[in-house]
Amino acid sequence: MSSDLHAQASRLLDQLGRGLRWPMLLLGLLLVISTAWSGWHEFIRHATSDRMRAVSGQIEHFSARLVRRAETGLPAGPGIMVEQLELEFSARYEVAGRGYQTSRYSLAHGNRFTPGSPEALAMSEVIAAWTPGGRVSLWVDPEQPALAVIDKRVSPEDALPVALLTALGGLLALGLAWRGFRTQTPRTSK
């Protein structure tokens, strides 16, 4: 009975693979490429974070507000509306005698955070001590002095489960496509 069930499942996968081999090939390649692309960007963020050096800067202005946005990132439109804590600030700093300005808070999250998240709570604690004209510690990339942030932490554990599931889905789709190309189309006798 087990071998009969296995044979039926194998025939079903062969039929599915033959019928969907091109879409599965395309889907698998897209998923694997997107996982590689995301992994590359995560690697770049980690490399940038590791080489950043602390400098002192001066806060020009700052404000934090709660905004509602569509899940698509547009100010209004279809989709689920989500609340985000958005930080606007500007700080000036110098590297090798040259002046720069930054408005980016976090290397990983930019300036938008989910209310109540650990990142939003940490950011709220940091800006509670800020005053316009006050000093602030910034992290600057020596290779790109125009890139400075207040929070240089990156957390790969946020992206790892999604990357693993995406890669697994891509490999399964490629496997199904391979099975579809490997099996012969049944010939009908005339």
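Above this text sits the structure in question.
Residues numbered from 1 in each chain as written. Predicted model: local features only at pLDDT ≥ 70, side-chain atom pairs only at ≥ 80, totals over all residues. Heavy atoms only, no water.

Visitor: Please explain the nonpolar core as it appears in this structure.
Guide: Where a protein is soluble and globular, its nonpolar side chains tend to be buried together. Core analysis: the largest hydrophobic core is formed by 18 residues, its most contacted members being Leu 87, Phe 89, Tyr 105, Met 123, Trp 130, Val 136 and Ile 150. Among the secondary structure elements, those contributing two or more residues to this core are strand 2 (81-95), helix 3 (118-128) and strand 5 (135-141). Here the element with the most residues in this core is strand 2; it accounts for five residues. Setting aside anything within four residues of it in sequence, one finds Phe 89 in contact with His 61, Phe 62, Thr 102, Ser 103, Arg 104, Tyr 105, Asn 111, Trp 130 and Ile 150. (Core = buried A, V, L, I, M, F, W, Y, C linked by side-chain atoms within 4.5 Å. Buried < 20%, exposed > 50% of the residue type's maximum accessible area, 1.4 Å probe, protein only. Helix = DSSP H or I, 4+ residues; strand = E, 2+ residues; numbered from the N terminus. Contact = heavy atoms within 4.5 Å.)

Visitor: Sorry if this is basic, but what is going on with the pattern of salt bridges here?
Guide: Oppositely charged side chains may form a pair once their charged atoms are brought near each other. The final tally for this structure, using the stated rule, is seven salt bridges. A salt bridge links Asp 141 to Arg 51; the shortest N-O distance between them is 2.8 Å. One end of the pair, Asp 141, is in strand 5; the other, Arg 51, is in helix 2 (residues 21-51), and 90 residues separate them in sequence. Overall, the relative accessible area of 24% leaves Arg 51 in the partly exposed class. (Salt bridge = Lys/Arg side-chain N within 4 Å of Asp/Glu carboxyl O.)

Visitor: Before we go on, may I ask you to explain helix 3 in this structure?
Guide: For an α-helix, 3.6 residues make a turn, and residues three or four places apart therefore share a direction. Turning to helix 3, its buried residues number three or more, namely Ala 120, Met 123 and Ile 127. Buried residues of helix 3 fall within an arc of 65 degrees about the axis and therefore sit on the same side. Counted as exposed and oriented over 90 degrees from the buried face of helix 3: Pro 118, Glu 125 and Ala 128. (Arc of directions from axis to C-beta.)

Nothing here speaks to function; it is geometry throughout.
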